[in-house]
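Coordinate analysis (summary)
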Amino acid sequence: MPEVPPAELFALLDDEYARGILRATNSTAMSAPQLAERLNVSRPTVYRRVERLQELGLLAEATEVDDDGHHRSIYRSRLDRLVVTADDDGFAVSVDRSGHPADRLTEMWEEL
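The structure reproduced in this document is the subject of the present report. (Residues numbered from 1 in each chain as written. Predicted model: local features only at pLDDT ≥ 70, side-chain atom pairs only at ≥ 80, totals over all residues. Heavy atoms only, no water.)

1. Some points on the packing of helix α2 (residues 16-24) against helix α3 (residues 32-39)
In contact at an axis separation of 11 Å, α2 and α3 are set at 115° when each is read in the N-to-C sense. One way to sum up the angle between α2 and α3 is to call them roughly perpendicular. Once α2 is placed against α3, the crossing between them reads as right-handed. Where α2 abuts α3, its residues Y17, G20, I21 and A24 lie against L35, R38 and L39. For the contact of α2 with α3, a count of residues per class yields 5 nonpolar, 1 polar and 1 charged. (Axes fitted to C-alpha atoms, helices over the stretch in contact; angles between N-to-C directions. Helix = DSSP H or I, 4+ residues; strand = E, 2+ residues; numbered from the N terminus. Parallel < 35°, antiparallel > 145°, perpendicular 65-115°, else oblique. Left-handed = near helix turned anticlockwise from the far one by under 90°. Contact = heavy atoms within 4.5 Å. Nonpolar A, V, L, I, M, F, W, Y, C, P; charged D, E, K, R; others polar.)

2. Points about the environment of R19
Considering the arrangement of structural elements, one finds R19 in helix α2. Separated by 34 residues in the primary sequence, R19 and L53 have C-alpha atoms spaced 9.8 Å apart. Setting aside residues up to four positions removed in sequence, R19 forms contacts with L13 and D14. At a separation of 3.0 Å, a polar atom in the side chain of R19 contacts the main-chain carbonyl oxygen of L13. (Polar contact = N/O pair within 3.5 Å; in protein donor to acceptor, adjacent residues only side chain to side chain.)

3. A closer look at the nonpolar core
In summary, soluble globular proteins display a tendency toward joint burial of nonpolar side chains. Core analysis: the biggest nonpolar cluster contains 22 residues, and L9, L35, V46, L53 and L58 have the highest contact counts within it. Those elements giving two or more residues to this core turn out to be α1 (6-13), α2, α3, α4 (43-55) and β4 (90-97). Apart from residues lying up to four places away in sequence, V46 is in contact with I21, A32, L35, A36 and V41. (Core = buried A, V, L, I, M, F, W, Y, C linked by side-chain atoms within 4.5 Å. Buried < 20%, exposed > 50% of the residue type's maximum accessible area, 1.4 Å probe, protein only.)

Structure follows, in structure tokens:
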């Protein structure tokens, strides 16, 4: 996962909808329509935040298949812990992400 500038991460987490998505998907995976209903916001707003959260590695996507064969994307928060440190040079952010071990292995390989 690429290093994210602290200001960019702070800006995203300052957004009430992004925070709402992370809270809502912390223990239960949810679809975009479910998130829109829960957060009382439009689907396009949810999809924009979901896309940005995925880009930063804070949200994982999976496909759920119904008994009748229909499928949909569901999302789960990958944010376990966020640590912000400050020094004379500015801020540093450390993000601990959860996920499947295979996902973590893929991320490590991509960083090489």
